[in-house]
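Spelled out, the chains give:
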Amino acid sequence: MSGARGAGGFSIDRLSCAGKDGARVTVSVRGQTIRLKRSAAVYCAMRDVTDMIRMEEENRSIQARLAQAGKTASVGALASGIAHEIDDPADEIVFNSSLLGEVWRDAGKVLQGHYRERGDFSVGALRFSEVMKVVPELLSGITGGARRIKKTVEGLKDLSRSDGGDRGREFDVNRAVARAVSALSGRIKGFTDNFHVECAVGLPRVRG
């Protein structure tokens, strides 16, 4: 209930009460003190504002949904732009690291022959005995990192394509979980060193 009082009168903007049929209604009340011969009386006028309040609430709800839709569209556009900017360099990293891996396999055989004949030697800032172990790990890390970037880009592309019409489509729960884990892997590692995901095999597609 909210209202105000003035000289000789008062107002109540919203007052909840029961109607004749027992349903709850909201009314606004305006009252004025009047003199009747030797006594004073209060003259009141009441107006049912239930429908008006419901319309106001519906309008606020629509405005909130429109604002959220605008935010979603902005996020989708941003995600699409980021995805396109990242996608090509990630492809290049995957291709180049795979090519370097092939080069290293061939060059490593020659260098290993030199190592067996003449002993250890320097390659850059490392000894070849170390390089034999380090380089394959570095190349694997580069390729794996680029592929994780590609998975994140796929998730961004999905986000940019999402709209209200997608809410009723069928999808693979395991795939959705895998993409969520991939997108959040950095934050997950920041919170715990013991994270494990196990998805059931053969789950039916669900609608959502």
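Residues numbered from 1 in each chain as written. Predicted model: local features only at pLDDT ≥ 70, side-chain atom pairs only at ≥ 80, totals over all residues. Heavy atoms only, no water.

### Some words on the packing of aromatic side chains
Here comes step 1: Inspection of the entire model under this criterion finds two aromatic pairs.
Here comes step 2: On the numbers, 5.7 Å between centres and 50° between planes, the contact of Tyr 115 with Phe 128 is tilted. Taken together, the residues span a long stretch of sequence, with Tyr 115 in helix α1 (residues 50-118) and Phe 128 in helix α2 (residues 128-161) at a distance of 13 residues.
Here comes step 3: With a centroid separation of 5.0 Å and 10° between ring planes, the pair formed by Phe 121 and Phe 128 is classed as stacked.
Here comes step 4: Accessibility expressed as a relative area gives 17% for Phe 121, which makes it buried.
Here comes step 5: Residue class for Phe 128 comes out buried when judged on its relative accessible area of 0%.
Here comes step 6: The rings of Tyr 115, Phe 121 and Phe 128 are connected pair by pair, giving a single aromatic cluster. (Phe/Tyr/Trp six-rings, centres within 6.5 Å; stacked < 30°, edge-to-face > 60°. Helix = DSSP H or I, 4+ residues; strand = E, 2+ residues; numbered from the N terminus. Buried < 20%, exposed > 50% of the residue type's maximum accessible area, 1.4 Å probe, protein only.)

### Section: the pairing of strand β4 (residues 39-48)
Here comes step 1: As paired elements, strand β3 (residues 24-36) and β4 share 10 bridges and run antiparallel to each other. Across the sheet, the residue bridging to Arg 35 is Ala 40, located in β4.
Here comes step 2: Turn length for the β3-β4 hairpin, with the two strands adjacent in sequence and antiparallel, is two residues, and the turn residue Lys 37 shows positive phi of about 55°. (Pairing = 2+ DSSP bridges.)

### What about the nonpolar core?
Here comes step 1: Counting residues in each nonpolar core, the largest one holds five residues, listed as Trp 104, Phe 121, Phe 128, Val 131 and Leu 139.
Here comes step 2: Setting aside anything within four residues of it in sequence, one finds Phe 121 in contact with Leu 111, His 114, Tyr 115, Leu 126, Arg 127 and Phe 128. (Core = buried A, V, L, I, M, F, W, Y, C linked by side-chain atoms within 4.5 Å. Contact = heavy atoms within 4.5 Å.)

### Here we look at the side chain of Thr 143
Here comes step 1: Within the secondary structure, Thr 143 sits in helix α2.
Here comes step 2: The contacts of Thr 143, once residues within four sequence positions are left out, are Ser 97 and Ser 98.

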